[in-house]
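# Architecture at a glance
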Amino acid sequence: MPAVHQILAGFTAGDAISNMALTMRGLLEQWGVAGDIYSLPERTMPAWRQQARDARQAGARLTPDDVAVLHLSIGSPVNDLFAQLHCRK
């Protein structure tokens, strides 16, 4: 089964998109679907860095069968990284 990965401009407590990403990851895990949250480390709250991967690594980690979801919120380098991914979107 393909994994469903989420790409975020930032990942921090109290942020609506971050909260949504955590909720989605939890639901996907309950359904047996693996997936990671990707964000830039400099835009990830230090206490949450263990819960997210560096978005710059997504291109090397995701397979063509995987699914990537972009939580579009603001202009961010992750938008360009998302566009270059070779997986389902």
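Notes on the structure in this doc start here. Source: prediction; values computed, not measured. (Residues numbered from 1 in each chain as written. Predicted model: local features only at pLDDT ≥ 70, side-chain atom pairs only at ≥ 80, totals over all residues. Heavy atoms only, no water.)

## Examining the environment of Asp36
Within the secondary structure layout, Asp36 lies in the loop between helix 1 (16-30) and strand 2 (37-39). In this view, Asp36 contacts Val4, His5, Gln6, Arg53 and Arg61; residues no more than four positions away in its chain are not counted. A polar side-chain atom of Asp36 sits 2.9 Å from a polar atom in the side chain of Arg53. (Helix = DSSP H or I, 4+ residues; strand = E, 2+ residues; numbered from the N terminus. Contact = heavy atoms within 4.5 Å. Polar contact = N/O pair within 3.5 Å; in protein donor to acceptor, adjacent residues only side chain to side chain.)

## Regarding the pattern of salt bridges
Enumeration over the complete set of coordinates arrives at 3 salt bridges. Across the pair Arg56 and Glu42 runs a salt bridge, and its minimum N-O distance is 3.3 Å. A residue pair is termed long-range when its members are at least 10 positions apart, and Arg56 in the loop between strand 3 (53-54) and helix 2 (58-61) and Glu42 in the loop between strand 2 and strand 3 qualify at 14 residues. A salt bridge links Arg56 to Asp54; its shortest N-O distance comes to 3.1 Å. (Salt bridge = Lys/Arg side-chain N within 4 Å of Asp/Glu carboxyl O.)

## Here's the deal with helix 1
It helps to recall that an α-helix has 3.6 residues per turn; residues three or four apart then point in one direction. When the terminal C-alpha atoms of helix 1 are compared, their 21 Å separation across 15 residues agrees well with the 21 Å that a helix rising 1.5 Å per residue should span. Buried within helix 1 we find Ser18, Ala21, Arg25 and Leu28. Summarising the axial view, the buried residues of helix 1 lie within an arc of 90°, below the 170-degree limit, and thus occupy one face. For helix 1, the exposed residues lying more than 90 degrees away from the buried face are Ala16 and Gln30. (Expected span 1.5 Å × (residues − 1). Buried < 20%, exposed > 50% of the residue type's maximum accessible area, 1.4 Å probe, protein only. Arc of directions from axis to C-beta.)

## Quick word on the environment of Leu28
Mapped onto the elements, Leu28 comes out in helix 1. Exposure remark for Leu28: the relative accessible area of 13% places this residue in the buried category. If sequence neighbours within four positions are ignored, Leu28 has contacts with Val4 and Val33.

## Let's talk about the sheet that holds strand 1 (residues 4-8)
An order of 3-2-1-4 is seen for the 4 strands of this open sheet, with the pairing classed as parallel. With partners counted over all chains shown, the strands left at the sheet margins are strand 3 and strand 4 (67-71), one partner each. Examined bridge by bridge, strand 1 and strand 4 share 5 bridges and lie parallel to one another. Each bridged residue has a counterpart across the sheet, and for His5 the counterpart in strand 4 is Ala68. Lying over the sheet, helix 1 contacts strand 1, strand 2 and strand 4, oriented at roughly 175° with respect to strand 1. (Pairing = 2+ DSSP bridges. Axes fitted to C-alpha atoms, helices over the stretch in contact; angles between N-to-C directions.)

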